[in-house]
Amino acid sequence: LFFIDEVAKYKSYSEDGEVLKGVFWKDFEEEYNMFLNENLSLFDSDYQRYLCRFDASEVHSGYFSIDKKGRATNGEKVNRKSGLEDDKNAYDLILKDKERLLSFDEPTRFIFSHSALREGWDNPNVFQICTLRHANSETAKRQEVGRGLRICVDANGNRMDFETLGENVHELNKLTVIANESYSSFVKDLQDK
């Protein structure tokens, strides 16, 4: 889960509703392809086959809310009649069809979001969070980290808790946060408590 500061850094729309790739979209696909090409052999053969089934353009999606006045989270006016089918599909996948995200038939594994904090988005299988924005408030940081502090579930929706995993519960339910420098004192305070 990538938290970004501007929707336009991931994508925007032309006047005719065509999706325009932003810098994060382009950089992600380039880095993903480079990493996969260099590290594919690190994964077991079943997972290698899964990774090779999908193009870099298929493994990421963006979730960005639009308010009732038709404005995107960055305040930009959005034409609801053009170019929003992909947004609706991403919204449905991320907020309504969370079970599909667990399936090996679903390519999406990376989600870019500007506003997942306000929407009550909850997915138990967030294992990495990357903050590509500066969160000023401790509340915002707690909410961002909280998106990954969930007991994960398997493909059947069963919680992978202590009862199921025993002492290995913390190995599977591990959250990695790739944060900017604004998190240093926040993390220190959490670890000292």
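Shown above is the structure to which this text applies.
Our subject in this report is the structure included herewith. (Residues numbered from 1 in each chain as written. Predicted model: local features only at pLDDT ≥ 70, side-chain atom pairs only at ≥ 80, totals over all residues. Heavy atoms only, no water.)

Once that is clear, we can look at the sheet that holds strand β6 (residues 128–132). Sheet architecture is open: five strands sit in the order β4-β5-β1-β6-β7, paired in parallel fashion. Each of the sheet's edge strands pairs with one partner strand only, and the pair in question is β4 (60–63) and β7 (176–178). Adjacent strand axes in the sheet meet at a mean angle of 20° when their direction is disregarded. Relative to strand β5 (residues 110–113), β4 runs parallel, the two sharing four bridges. Of the residues in β5, the one forming a bridge with Y63 is S113. Those strands touched by helix α1 (residues 23–39) are β1 (2–4), β4, β5 and β6, and its axis lies near 160° from that of β5. (Pairing = 2+ DSSP bridges. Helix = DSSP H or I, 4+ residues; strand = E, 2+ residues; numbered from the N terminus. Axes fitted to C-alpha atoms, helices over the stretch in contact; angles between N-to-C directions. Contact = heavy atoms within 4.5 Å.)

Now for the pattern of salt bridges. Counted by the stated rule, this structure contains six salt bridges. The shortest N-O distance in the salt bridge between E106 and R100 comes to 3.0 Å. The class for R100 is partly exposed, based on a relative accessible area of 38%. Between E171 and K174 there is a salt bridge, and its shortest N-O distance comes to 3.5 Å. The class for E171 is exposed, based on a relative accessible area of 55%. Accessibility expressed as a relative area gives 44% for K174, which makes it partly exposed. (Salt bridge = Lys/Arg side-chain N within 4 Å of Asp/Glu carboxyl O. Buried < 20%, exposed > 50% of the residue type's maximum accessible area, 1.4 Å probe, protein only.)

Attention shifts here to the packing of aromatic side chains. Tallying each qualifying case throughout the model produces twelve aromatic pairs. Between F2 and F28, the aromatic rings sit 6.2 Å apart at their centres with planes inclined by 80°, giving edge-to-face as the arrangement. Placement of F2 in strand β1 and of F28 in helix α1 is noted, with a sequence separation of 26 residues between them. According to the relative accessible area criterion, F28 is buried, its value standing at 10%. Through a chain of ring-to-ring contacts, the aromatic side chains of F2, Y10, W25, F28, Y32, F110 and F112 assemble into a single cluster. (Phe/Tyr/Trp six-rings, centres within 6.5 Å; stacked < 30°, edge-to-face > 60°.)

Next up on the list: the side chain of T131. Considering the arrangement of structural elements, one finds T131 in strand β6. The class of T131 is buried, set by a relative accessible area of 5%. The residues contacting T131, other than those within four sequence positions of it, are F3, E144, I178, A179, N180 and Y183.

It is worth spelling out the pairing of β5 at this point. Note that β1 and β5 share two bridges and pair parallel. In the sheet register, F3 faces β5, and the bridge partner there is S113.

The terminal C-alpha atoms of α1 lie 24 Å apart, and with 17 residues this matches the ideal 24 Å at 1.5 Å per residue to within 8%. Residues of α1 that are buried: F24, W25, F28, E29, Y32, L36 and N39. Looking down the long axis of α1, one finds its buried residues gathered within 130° of arc, a one-sided arrangement. Looking at α1, the residues exposed on the side facing more than 90 degrees away from the buried face are K26, E30, N37 and E38. (Expected span 1.5 Å × (residues − 1). Arc of directions from axis to C-beta.)

You can see V145 is positioned in helix α5 (residues 138–146). Residues V145 and A179 lie 34 residues apart in sequence; the distance between their C-alpha atoms is 10.0 Å. Among residues more than four places away in sequence, those in contact with V145 are I129, L175, V177, Y183 and F186.

Interpretation note: all reported values are geometric properties and have no functional meaning in isolation.
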